[in-house]
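# Observations on chain architecture
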Amino acid sequence: MTTDNFTPIAEIPGTQQPASHEFLRAMPKAELHLHIDGALSPQLMFDLAARNKILLPYQDVAEIEKAYQFSDLQSFLDLYYQGAGVLQTEQDFYDLTWDYCEHCRADNILHTEISFDPQTHTERGIDFDIVIKGTLRALDDAKAEWGLSYALMLNMLRHLSAEKAMQTLQQALPWRDRICSIGLDSSELDHPPVKFEKVFAKAKEYGFKLVAHAGEEGPPEYIWQALNILKVDRIDHGVRADEDPALLDYLVKQQIALTVCPLSNVRLCVYEHMQQHNIMTLLEKGIKVTVNSDDPTYFGGYLNDNFVALAEAFELTQAQALRLAFNSFDASFISDSEKHLFFKKLADFATQFNAQTD
Ligand code: HPA
Ligand code: ZN
């Protein structure tokens, strides 16, 4: 897929105007980096804790929100794994996923590639099948109800062993036709991609697409490893690529997409302020960056909130916002013909939006 398809959108009159909140909300978009356990709202956490008779270390929703002050990735992951403990039954996974799907509808996300971490649950005795069945049932209902397009991605926890990841890969095989990719998340520092070389080689043999978190907190070397050793199709985060000019050149030449998560990076102190974020610089350099929410209920916003935060920090034009949305469809794992349908929707949206507001 070449980005030439974008030219008609760039030529639409009015796209040098600022992207208003209404423009950003109504703009068709895809989300490619979303941890479903990171979409557990404080309210649902309380409801599920009550349903499953689990005692939470919080008195109320306000107390949870107060606890969500993070100094780095690990300080977040500690609360994220603790929160996931309220998820016990297939219905719990359904409710969690359904909640996120409703946000897709509100944010005009037409296609989502959500990831789940089965080991977060199997390690505490919940069956793999309970997790995936509840998750898929919600996604299928959203597809039937309003046509949400989706793909399901499986992430391995990199703080656990490669042997455990290999076992998880075997557990996923009966679901091979429902899972599009294998990825890598959790604590990045001290767990370089190379640790999972054999797992990813096997996953490739089975025909999965491959992704990995790299260059969120870890050095550019981890991005190189993900590309050269794991042979991933795209990189989650990857913002630290900007420390290595040869890597930036490679990402541009190979058109490797980065699924960037602006609010997440600020909340986890990768950047002190949104104005310091490099996403717009990477976009200008020709890197295929996309905007994503990562763990929306922990980081203070769903996908549109991320677009709005960028618009406020960088005075986004409509053309820039459209380019980011175009990239989100272009970098997805859907077929070229499906991509073209979404590109057309994007172009039609921009034309109609500007015709109405002229
Ligand atoms: N980074 C790494 N692992 C994760 C994240 C993240 O932002 N969210 C959930 N698991
Ligand atoms: Zn992530």
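Now for a quick tour of the structure. The structure presented is a predicted model; accordingly, all values stated were derived computationally and were not measured.

## Looking at helix α11 (residues 220-228)
Note: α-helices contain 3.6 residues per turn, so residues at a spacing of three or four share the same orientation. Among the residues making up α11, those that are buried are Pro-220, Tyr-222, Ile-223, Gln-225, Ala-226 and Leu-227. Here the buried face of α11 lies against β5 (209-214), β6 (234-237) and α12 (245-254).

## Remarks on helix α17 (residues 318-330)
Here α17 spans 18 Å end to end across 13 residues, near enough to the 18 Å set by a 1.5 Å rise per residue. Across the 13 residues that make up α17, a large majority, 11, are buried. Of the residues making up α17, those classed as buried are Gln-318, Ala-319, Ala-321, Leu-322, Leu-324, Ala-325, Phe-326, Asn-327, Ser-328, Phe-329 and Asp-330.

## With respect to the site of ligand 1
Looking at ligand 1, the residues that line it are His-35, Leu-73, Phe-76, Leu-77, Tyr-80, Asp-185, Ser-186, His-213, Glu-216, His-237, Asp-294 and Asp-295. A distance of 2.9 Å separates a nitrogen atom of ligand 1 from a polar side-chain atom of Glu-216. At 2.7 Å from an oxygen atom of ligand 1 is found a side-chain nitrogen or oxygen belonging to Asp-294. Sort the elements by how many residues they give to the shell around ligand 1 and helix α5 (residues 73-84) lands first, with four residues. Across the shell around ligand 1, the residue classes break down as four nonpolar, four polar and four charged.

## A closer look at the packing of aromatic side chains
The full count for this structure, using the stated rule, is 18 aromatic pairs. On the numbers, 6.1 Å between centres and 5° between planes, the contact of Tyr-94 with Trp-98 is stacked. Separated by four residues within a single helix, Tyr-94 and Trp-98 lie in helix α6 (residues 90-107), roughly one turn from each other. Grouping residues by exposure puts Tyr-94 and Trp-98 together as buried. Three or more aromatic residues joined by ring pairs make a cluster, and in this case those are Tyr-68, Phe-70, Phe-76, Tyr-80, Tyr-81, Tyr-298 and Phe-299. One cation-aromatic arrangement involves Arg-176 over Phe-208; the distance from NZ or CZ to the ring centre is 4.2 Å. In this arrangement the basic side chain of Arg-234 is found over the ring face of Phe-333, its NZ or CZ atom lying 4.0 Å from the centre.

What counts, and where the lines are drawn
Residues numbered from 1 in each chain as written. Chains lettered and ligands numbered in written order. Predicted model: local features only at pLDDT ≥ 70, side-chain atom pairs only at ≥ 80, totals over all residues. Heavy atoms only, no water. Buried < 20%, exposed > 50% of the residue type's maximum accessible area, 1.4 Å probe, protein only. Helix = DSSP H or I, 4+ residues; strand = E, 2+ residues; numbered from the N terminus. Contact = heavy atoms within 4.5 Å. Expected span 1.5 Å × (residues − 1). Near = heavy atom within 4 Å. Polar contact = N/O pair within 3.5 Å; in protein donor to acceptor, adjacent residues only side chain to side chain. Nonpolar A, V, L, I, M, F, W, Y, C, P; charged D, E, K, R; others polar. Phe/Tyr/Trp six-rings, centres within 6.5 Å; stacked < 30°, edge-to-face > 60°. Lys NZ or Arg CZ within 6 Å of the ring centre and 35° of its normal.

Function cannot be read off these values alone, since they describe shape.
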